[in-house]
Amino acid sequence: MPDTAPNSWEARAESSSFYGFTDLPSIKARGTVVLTHGEGPYVIDTEGRRYLDSNSGLWNMVAGFDHAGLAAAAKAQYDRFPGYHAFFGRMSDQTVMLSEKLIEVSPYDRGRVFYTNSGSEANDTLVKMLWFLARAEDQPQRRKILTRKNAYHGVTAVSASMTGKPYNELFGLPLPDFIHLTCPHYWREGQPGETEAQFTARMAAELEEVIAREGAETIAGFFAEPVMGAGGVIPPSAGYFQAIQPILKKHGIPLISDEVICGFGRTGAVWGCETYDFVPDAIISSKALTAGYFPMGAVILGPELADRLHAASEAVEEFPHGFTASGHPVGCAIALKAIDVILNEGLLDNVRRLTPRFEEGMTRLAENPNIGEFRGKGLMGALEAVADKPTRTPFPSNLSVSERIANTCTDHGLICRPLGQSIVLCPPFILTEPQMDEMFEKLEAALTEVFAGLKAGA
Ligand SMILES: *Cc1c(COP(=O)(O)O)cnc(C)c1O
């Protein structure tokens, strides 16, 4: 029950803060969890309660909540040069070093990097780049952006238009020229009797049809997350990227990999496109890029787009776009350290080592008669609740089943995320085996409690 005393943290939070992506009736009933610090994968609230955060904050705190090396890198850079921009031909040395590092670890042998403060802004920036390029190359009609239903690309007006979620209608979005294709989720979208290969072929045929209907010359780009994250952890159907990339290539439409979640290890490789064996024309990175220790996003352009955009910019003398804090030296210093920690201090290795145990735990929980599917890749996974398993029938949405499960987990000291009818787990890369076992024990207890309650009509 929330502490409603006027000087309590809960009451102060509720009277002063405007909540984003928060179920407000839940806040009324349960209060706000106000956190003060963290230890490894745990966060601790104002009452001293500990929660294992199986969502790494928002997918991003992959090195945990008290990494000394990351804090030291931030402190050292604050002492040396605490802030600068990347306009007018100036930028910090850290910015240069990070761009070189990002290209080195990218699938490209050369390219160019542009910085933002978030993943949304990085997607927004790349759309503007593609629109700028189209006009510079005398194809001003090339403005349409293709994404998929359930995709999450952010919340600015442009990146929300790319996001394929129904709540954007509440804002009168998407803007014109944003087209959402079918979500490549075989379990949910596959037709009776359709094999996974046939499903993938149908997704590719749909893309061909949309391109023919709209006109290839009107399409500026296709954006896709390798594994959809906030859509509910949805890996693509088998062979999906191999089926769609040649179609996009044939029509001169760039393929952009939104690696805001997948990038830097989540799927068991540095990039999700590596896991799914394709090379996109550009990469969007954020979240784990700084291990969540600084707000930062990056657009990593492969060689061809980098050359074309550079030429287009030279023709009008500049690319008139940038954020005050683009390429912030402290953010860049932290990102350099985070990349080093992930790639060279064993975090990516730990993702690979833990993945079989993670899949085993999830598979076991999916044996529950009210769990329809476990899906995931690397250290990201979702369990989808169903009222009836054989027919894959969801629970009525007014039962808020996934919220009940997540709230019950919170009561037991585990943070996990309800997404649609699914529960999402994406633990920090520093997790130990006993901590993973603790995560599954707590989740299993919550599932048992909630499903029993539903059966009893609670
Ligand atoms: C989180 C996310 C974004 C948006 O990033 P913000 O930093 O929240 O703006 C974009 N794309 C994907 C795939 C994401 O998961």
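Keep in mind that what you see is a predicted model, and the values were worked out from it rather than measured.

Quick notes on the rules
- Residues numbered from 1 in each chain as written.
- Predicted model: local features only at pLDDT ≥ 70, side-chain atom pairs only at ≥ 80, totals over all residues.
- Heavy atoms only, no water.
- Near = heavy atom within 4 Å.
- Polar contact = N/O pair within 3.5 Å; in protein donor to acceptor, adjacent residues only side chain to side chain.
- Areas by Shrake-Rupley, 256 points an atom, 1.4 Å probe, with all protein chains shown as cover.
- Helix = DSSP H or I, 4+ residues; strand = E, 2+ residues; numbered from the N terminus.
- Pairing = 2+ DSSP bridges.
- Axes fitted to C-alpha atoms, helices over the stretch in contact; angles between N-to-C directions.
- Contact = heavy atoms within 4.5 Å.
- Expected span 1.5 Å × (residues − 1).
- Buried < 20%, exposed > 50% of the residue type's maximum accessible area, 1.4 Å probe, protein only.

> Can you walk me through the site of the ligand in this structure?
Surrounding the ligand, one finds S118, G119, S120, N123, Y152, H153, G154, E225, D258, V260, I261 and K287. Between the ligand and S120, the relevant distance is 2.5 Å, taken from an oxygen atom to a side-chain nitrogen or oxygen of the residue. Measuring from a nitrogen atom of the ligand, one finds a side-chain N or O atom of D258 at 2.8 Å. Expressed as a share of its isolated accessible area of 380 Å², the protein-covered part of the ligand is 84%. Of all the elements, helix α6 (residues 119-136) adds the most residues to the shell around the ligand, at three residues.

> Just to check I follow, could you spell out the sheet that holds strand β11 (residues 371-377) for this structure?
Sheet architecture is open: four strands sit in the order β11-β12-β15-β14, paired in antiparallel fashion. Looking at strand neighbours, the two that pair on one side only are β11 and β14 (417-419), the edges of this open sheet. This sheet shows a mean twist of 25° between the axes of neighbouring strands, independent of strand direction. Bridge count between strand β12 (residues 380-385) and strand β15 (residues 422-425): four bridges; the pairing is antiparallel. Bridging from a neighbouring strand, A382 pairs with V424 of β15. Against the sheet, helix α14 (residues 347-365) touches β11, β12 and β15, its axis set at about 0° to β12.

> Help me understand the sheet that holds strand β4 (residues 112-116) in this model?
Spatially, β4-β10-β9-β8-β7-β5-β6 is the arrangement adopted by the seven strands of the open sheet, whose pairing is mixed. Single-partner strands in this sheet number two, and they are β4 and β6 (178-181). Taking each pair of neighbouring strands and ignoring which way they run, the sheet shows an average axis angle of 20°. Inspection of the sheet shows strand β7 (residues 219-224) paired to strand β8 (residues 255-258) by three bridges, in the parallel sense. Within β8, the position partnered with F223 by the bridge is I256.

> I would appreciate a short explanation of helix α13 (residues 329-344) in the present structure.
Side chains of residues three or four places apart in an α-helix project in the same direction, reflecting 3.6 residues per turn. An ideal rise of 1.5 Å per residue puts 22 Å on 16 residues; α13 measures up with 22 Å between its terminal C-alpha atoms. Taken across its 16 residues, α13 has twelve buried, putting it largely inside the fold. Residues of α13 that are buried: P329, V330, G331, C332, A333, I334, A335, L336, A338, I339, V341 and I342. On the buried face of α13, the contacting elements are α4 (68-80), α5 (93-105) and α14. Directly beyond the C-terminal end of α13, a positive phi value near 95° is found at G346.

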